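Understanding the architecture of this molecule
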Amino acid sequence: MLFRSDPYQNDSGPMARLAAEKGVTYIFNNIDKKIRLQDAAKMSFMSDSQFSRVFKEASGLTFSEMIRKLRIEHGCKLLSSTDLSVAAISKNCGFTNLSNFNRQFLREMGISPRAFRALNAKQKTALLEEVFGHKNQLLQQAKINVYMDKNRSQVSEFMTQIEPKRSKRP
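Residues numbered from 1 in each chain as written. Predicted model: local features only at pLDDT ≥ 70, side-chain atom pairs only at ≥ 80, totals over all residues. Heavy atoms only, no water.

1. A closer look at the pattern of salt bridges
All chains considered together, the criterion is met by four salt bridges. Between Glu108 and Arg68 there is a salt bridge, with the nearest N and O atoms lying 3.0 Å from each other. With Glu108 in helix α6 (residues 98-109) and Arg68 in helix α4 (residues 63-81), the pair connects residues that are 40 residues apart, well separated along the chain. Classification of Arg68 by relative accessible area gives buried; the value is 16%. Residues joined by salt bridges that share partners form a network here, namely Arg68, Lys69 and Glu108. (Salt bridge = Lys/Arg side-chain N within 4 Å of Asp/Glu carboxyl O. Helix = DSSP H or I, 4+ residues; strand = E, 2+ residues; numbered from the N terminus. Buried < 20%, exposed > 50% of the residue type's maximum accessible area, 1.4 Å probe, protein only.)

Okay, structure coming up:
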């Protein structure tokens, strides 16, 4: 059995990659809500089992593992950048109760959310790098898609402003 050092590593084909990208985008867009594999599969025009298989192939993680990792990563960002209570952050990350958030956070990060918050910036960065590593293009593309969706009107306006400049070239 082959284990990848980077769980986001991707050697899969374009169909699997596109399905996984749509799945990750769906997770990002719904990080604070109930996320269902069935909904992500429908977005990719696949059956649940087919989507599950190609998602794992493309991302190296099951769909539920990816949800957990992204929710914990989001929790780390909120713990580092806000003064929200751990309970509020738990809810903001889509966890239904605080004890589950604490348990999942400890499982993923090796420390509690409160202990993470108490770390200095350098320690937090080192721990995040150790746990999550560098993300590959799959996650970066999904983040770009989420940004584009949320800022579609601004992006369209920007593109219309630069398009005439491009067409002036011989």
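Moving on, there is more to tell.
2. Remarks on α6
An ideal rise of 1.5 Å per residue puts 16 Å on 12 residues; α6 measures up with 16 Å between its terminal C-alpha atoms. Among the residues making up α6, those that are buried are Asn100, Phe101, Gln104, Phe105, Glu108 and Met109. One side of α6 carries all its buried residues, which in axial view fall inside an arc of 135 degrees. Projecting away from the buried face of α6 at angles above 90 degrees are the exposed residues Arg103 and Arg107. Packing partners of the buried residues in α6 comprise α4, α5 (86-92), α7 (113-118) and α8 (121-132). Where α6 ends, the next residue or the one after it, Gly110, has phi of about 85 degrees, a positive value. (Expected span 1.5 Å × (residues − 1). Arc of directions from axis to C-beta. Contact = heavy atoms within 4.5 Å.)

3. With respect to the packing of aromatic side chains
For the structure on display, the rule yields six aromatic pairs. Note on Phe51 and Phe55: the rings are 5.6 Å apart at their centroids and 35 degrees apart in plane angle, and the pair reads as tilted. Separated by four residues within a single helix, Phe51 and Phe55 lie in helix α3 (residues 48-59), roughly one turn from each other. For Phe51, a relative accessible area of 0% gives the class buried. A network of ring pairs unites the aromatic residues Phe95, Phe101, Phe105 and Phe116 as a single cluster. (Phe/Tyr/Trp six-rings, centres within 6.5 Å; stacked < 30°, edge-to-face > 60°.)

4. Quick look at the layout of surface pockets
The calculated volume of the largest pocket comes to roughly 290 Å³. As for the largest pocket, its lining consists of 13 residues, and the residues nearest its centre are Ile35, Ile67, Arg71, Gly94 and Asn100. Put simply, the parts of the chain that give the lining of the largest pocket at least two residues each are α4 and α6. A total of five residues in the lining of the largest pocket trace back to one element, the largest contributor, which is α4. The residue inventory of the lining of the largest pocket, partitioned by class, reads three nonpolar, five polar and five charged. (1 Å grid on protein atoms, 1.4 Å probe; cavity = no way out; pocket = protein on both sides within 12 Å on 5 of 7 lines; lining within 4 Å. Points joined across faces, edges and corners; volume = space filled by probe spheres on them. Nonpolar A, V, L, I, M, F, W, Y, C, P; charged D, E, K, R; others polar.)

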